[in-house]
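Close look at the chain arrangement
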Amino acid sequence: MLQEFMSYLGSNLPPGSAGNQLWALIYVFVIFAGVAVIVLCMNWIERKALAHFQIRLGPMRVGPHGLLQPFADALKLMLKEDIIPDEADAVVFWVAPVIGLLAAFTVYIVIPFGPSQAVTDMNIGILFMLGVSSLGVLGIVTAGWASNSHYPLIGALRSSAQMVSYEVAMGMAILSAIMMTSMNAAGTGTLSMIGIVEAQQQQGIWFLFKFFPLGFIAFVIFAIAMVAETNRSPFDLAEAESELTAGFHTEYSGLRWSLFMLAEYAAMIAVSSIAVTLWLGGWMHPFPNLLHGPAWEFIFSLFPGLTFGALAAITFIGAARMPSHSFFRIQRAGLAVFAALIGLVALLLLVIAVAGRANDTSIAARFREGIDYVYWFMLKVAVFMYLFIWYRATWPRYRFDQLMKVGWKVMLPISLGVLILTAIVGVLLP
Amino acid sequence: MNPLLNTGAAPVATPFFFYLLAGAAILSGLLVITRRNAVHSALALIVTLLSVSGLYLMLYAPFVAGVQIIVYAGGIMVLFLFVIMLVNIERVSKERQFNRIWPVGLAASCALLAVFLAAFTKGKDLFHDRPITLPESTNTQQIAGYLYGEAGRIGQYTFAFEIASLLLLVAILGAVIMTKKKI
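Everything quoted here is computed from the prediction, not taken from an experiment.

Analysis parameters
Residues numbered from 1 in each chain as written. Chains lettered and ligands numbered in written order. Predicted model: local features only at pLDDT ≥ 70, side-chain atom pairs only at ≥ 80, totals over all residues. Helix = DSSP H or I, 4+ residues; strand = E, 2+ residues; numbered from the N terminus. Contact = placed C-beta atoms within 7 Å. Rg over C-alpha atoms; globule rule 2.2 N^0.38 Å. Buried ≥ 20, exposed ≤ 12 C-beta atoms within 10 Å, placed from the backbone. Core = buried A, V, L, I, M, F, W, Y, C linked by C-beta atoms within 7 Å. Domains from an automatic or database assignment. Nonpolar A, V, L, I, M, F, W, Y, C, P; charged D, E, K, R; others polar. Axes fitted to C-alpha atoms, helices over the stretch in contact; angles between N-to-C directions. Parallel < 35°, antiparallel > 145°, perpendicular 65-115°, else oblique. Left-handed = near helix turned anticlockwise from the far one by under 90°. Expected span 1.5 Å × (residues − 1). pLDDT = per-residue confidence, 0-100. Bend = angle between axes of the 7 residues up to and from the residue.

1. Details of the overall build of chain B
For chain B, the count of helices and strands is eight helices and zero strands. Counted over contacts in chain B with a minimum sequence separation of 6, partners at least 24 positions apart contribute 53%.

2. Looking at the overall build of chain A
Scanning chain A for helices and strands turns up 16 helices and zero strands. Taken over the C-alpha trace, chain A has a radius of gyration of 23 Å; the compact-globule value for 430 residues is 22 Å, and the two agree within 12%. A burial count over chain A gives 46% of its 430 residues as buried. Contacts in chain A between residues at least 24 apart in sequence constitute 75% of all its contacts with a sequence separation of at least 6.

3. Comments concerning the nonpolar core
Side chains of a nonpolar character, in soluble globular proteins, are inclined to be buried together. Residues and elements named next belong to chain A. By size, the foremost hydrophobic cluster in this structure holds 132 residues, and its most contacted members are F222, A225, A266, A270 and A275. For this core, the leading source of residues is helix α12 (residues 254–279), giving 16 residues. Look past the residues within four positions of A225 in its chain and what remains in contact with it is Y166, A169, M170, A173 and M411.

4. Section: the domain arrangement of chain A
Many analyses report the size of an interface as the accessible area lost when the parts associate. Residues and elements named next belong to chain A. When cut into domains, chain A gives domain 1 (21–79) and domain 2 (294–380). In this structure, domain 1 and domain 2 have C-alpha centres spaced 19 Å apart. Taken together, the four residues of domain 1 in the interface contact five residues of domain 2. Here the residues of the side of domain 1 that touches domain 2 sort into two nonpolar, two polar and no charged.

5. Overview of the interface of chain B and chain A
With 25 residues of chain B at the contact, the number on the chain A side is 26 residues. If you list the elements that add at least two residues to the side of chain B that touches chain A, you get α1 (3–7), α3 (38–58), α4 (62–84) and α7 (139–148) of chain B. At 12 residues, the largest contribution of residues to the side of chain B that touches chain A is made by α4 of chain B. By residue class, the composition of the side of chain B that touches chain A is 16 nonpolar, eight polar and one charged.

6. Some remarks on the packing of helix α6 (residues 125–134) of chain A against α4 of chain B
Packing of α6 of chain A against α4 of chain B brings their axes to within 8 Å, and their N-to-C directions diverge by 20°. When the axis of α6 of chain A is compared with that of α4 of chain B, the two are roughly parallel. When you trace α6 of chain A past α4 of chain B, the crossing you get is left-handed. When α6 of chain A is examined against α4 of chain B, the residues L127, F128, L130, G131, V132 and S134 of chain A are found in contact with a partner set consisting of G66, I69, I70, G74 and G75 of chain B. Among the residues making up the contact of α6 of chain A with α4 of chain B, the classes are represented as six nonpolar, five polar and no charged.

7. Re the domain arrangement of chain B
All names here are of chain B. Assigned domains of chain B: these are domain 1 (9–134) and domain 2 (138–183). Contacts between the two partners involve five residues from domain 1 and, on the opposite side, four residues from domain 2. Grouping the amino acids of the side of domain 1 that touches domain 2 by side-chain chemistry returns five nonpolar, no polar and no charged.

8. Overview of the packing of helix α8 (residues 150–180) of chain A against α4 of chain B
Between α8 of chain A and α4 of chain B, the least distance of the axes is 10 Å, while the angle of their chain directions is 150°. Regarding the angle of α8 of chain A to α4 of chain B, the classification is roughly antiparallel. Our pair here, α8 of chain A against α4 of chain B, has a crossing hand that is left-handed. When α8 of chain A is examined against α4 of chain B, the residues L157, S160 and V164 of chain A are found in contact with a partner set consisting of G75, V78, L79 and F82 of chain B.

9. Quick word on unusual backbone geometry
Residue and element names in this part refer to chain A. Cis geometry is adopted by the peptide bond preceding P213, which originates at F212 and carries an omega value of 5°. Assignment of secondary structure puts P213 in the loop between α9 (193–203) and α10 (214–229). With an omega dihedral of 5°, the bond running from S233 to P234 counts as a cis peptide bond. Counting through the fold element by element, P234 comes out in the loop between α10 and α11 (241–244). Positive phi is not limited to glycine here, since I55 has a value of about 55°. Here I55 lies in the loop between α3 (21–53) and α4 (69–79). By C-beta crowding, I55 is classed as exposed, having 6 other C-beta atoms within 10 Å. The backbone of H65 shows a phi angle near 55°, a positive value even though the residue is not glycine. H65 sits in the buried class, given 20 other C-beta atoms within 10 Å.

10. Quick look at helix α15 (residues 363–394) of chain A
Over its 32 residues, α15 of chain A extends 46 Å from the first C-alpha to the last, a length consistent with the 46 Å expected when each residue adds 1.5 Å. If you check which residues of α15 of chain A are buried, you get R368, I371, D372, Y373, Y375, W376, F377, M378, K380, V381, F384 and F388 of chain A.

11. Side note on the confidence of the model for chain B
Residue and element names in this part refer to chain B. Across chain B, the average pLDDT comes to 80, with 79% of residues at or above 70. The weakest mean pLDDT in chain B belongs to α1 at 40; the strongest belongs to helix α8 (residues 158–179) at 91. Contacts of residues 1–10 to residues separated by more than four positions or lying in other chains number 14 contacts, the stretch itself having pLDDT below 50. We note a pTM of 0.86 for the whole complex and an ipTM of 0.81 for its interfaces.

12. Things to note about α4 of chain B
The terminal C-alpha atoms of α4 of chain B, which comprises 23 residues, lie 31 Å apart, in line with the 33 Å expected from a rise of 1.5 Å per residue. M77 of chain B marks where α4 of chain B bends most, by close to 30°. For α4 of chain B, the full list of buried residues reads P62, A65, G66, Q68, I69, I70, A73, G74, M77, V78 and L81 of chain B. At its buried positions, α4 of chain B is contacted by α6, α7 (136–146) and α8 of chain A together with α3 and α7 of chain B.

13. So, the environment of W145 of chain A
Tracing the chain through its elements places W145 of chain A in helix α7. Non-local contacts of W145 of chain A, meaning those with residues more than four positions away in its chain, are made with V92, L153 and A156 of chain A together with V39 and M85 of chain B.

14. Side note on the confidence of the model for chain A
Mean pLDDT over chain A stands at 85; residues scoring 70 or higher make up 98%. For chain A, α11 of chain A is the element with the lowest average pLDDT, namely 72, and α10 of chain A is the one with the highest, namely 91.

In structure tokens, the structure reads:
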């Protein structure tokens, strides 16, 4: 076992491709834990950001600035009674959230956080992601049906119609990006997620700017379709509160309900990473072909540490600005400790960045490289996650016929046109 | 570059996985035809389709496996469920089946069994043993070569493929005309 553990350390392949099951398992656990933590953070950030958009304070009571609110919520959901309605189809009711969760988490095995920082690299990577994430709708449909209640059923019907419609435009947008990967000497493209990022590196351009504005339009189509795919506002007709109470998960409570939430956020991260991989250069830092060499590498490797340092500084300022009443003493101390922890992480990252520079073959150098890749990937994903919140705060919900009209009569023709134009330009230009 | 060849990793196509997937496919296939509740049948059918896609993966055909998931399990079955959910299940499950076509079904499945048996017993003569070269890494490109042709030549199956797409187009037009009252 130790030998299997050590044998992978020098490899440049993802553990799945290198055939190292132990490390693949470690990666799976790290990703699962990471996504769970991100979902907790997103829960807090979403409530807080939405509140500030609407000039409210948001959660303020549980912990300083409501920082412990997600934990309180998680505890509540775990202790809450888990009701299965009398008339519900118990087996399907039980299976539905599991289907959704499985579909949302299975796609993570091909997401490339770095050239070797993925569970595995599949030859059909993007196809696999699309296929498995399209299984997520089954969870919603079965949940709506199994509840044996009107609102969930209507929510499920809406959501399945919506997801099937937007998948088409989404697929066309993805195809035009995949087509761009074949603009090389050999003339063969790739479906592998890692291969797509490497193609962008080779061609020296993010596909967002390739054949401007074709790549950009395809990206915008995808960015709209992915919001519809994840059932987020303004496309959240499946759970429209004003019409359907809570849509397909009206009858769910407790842990099962939280599984749906977990699946929704996991799917949001997954589709964001598809967008990042296909159009935004994946794990690459900005201008990788222009700004390279040891000096630039060192500067870019400082970014993760500096980001965490900035977060720690903001938290310290927050602690300092707490009201001076004695009632807030514990909260202030807690926030200061939290800031110190973030600062410690920042310090660790900076130490790794500096240590990795001294000796290029050491473990520290590999760590620095890996942190660098994951940092830039996650930074781009984080932008999308914030956009999801921003959309929700900005736009009113679509009406169902408008939604269908936009999907079939606007997005699909545009994406088809972009696909054809990309093919023509790709043949004519080089 | 094929990672499987480079590192000498253990192949995934072990008998254990074959029997697991085949068993799951058969079991859920039986569930499809024995459940009275149509939604349960549909869910079992999804399990069957996913197991079959796993079998494709074991045959080093990842592209077909991916398409199987995306088209059948993800697309068609969602539409199936969509339609079934609109049917009043309770009434349907109490009603007796009124069609008496099981002799036809039996004959059809016997014929299919005969084909399978023939393929199983005479397979060595019918199909050539061919070494699989770089199966996983170029699978998609190979399929594209067969369907669309490569290096300036028309592919082996280009004509059949185009005919099939024409048929699909006709079917789509038919569906549009049937649902539209005035065009």
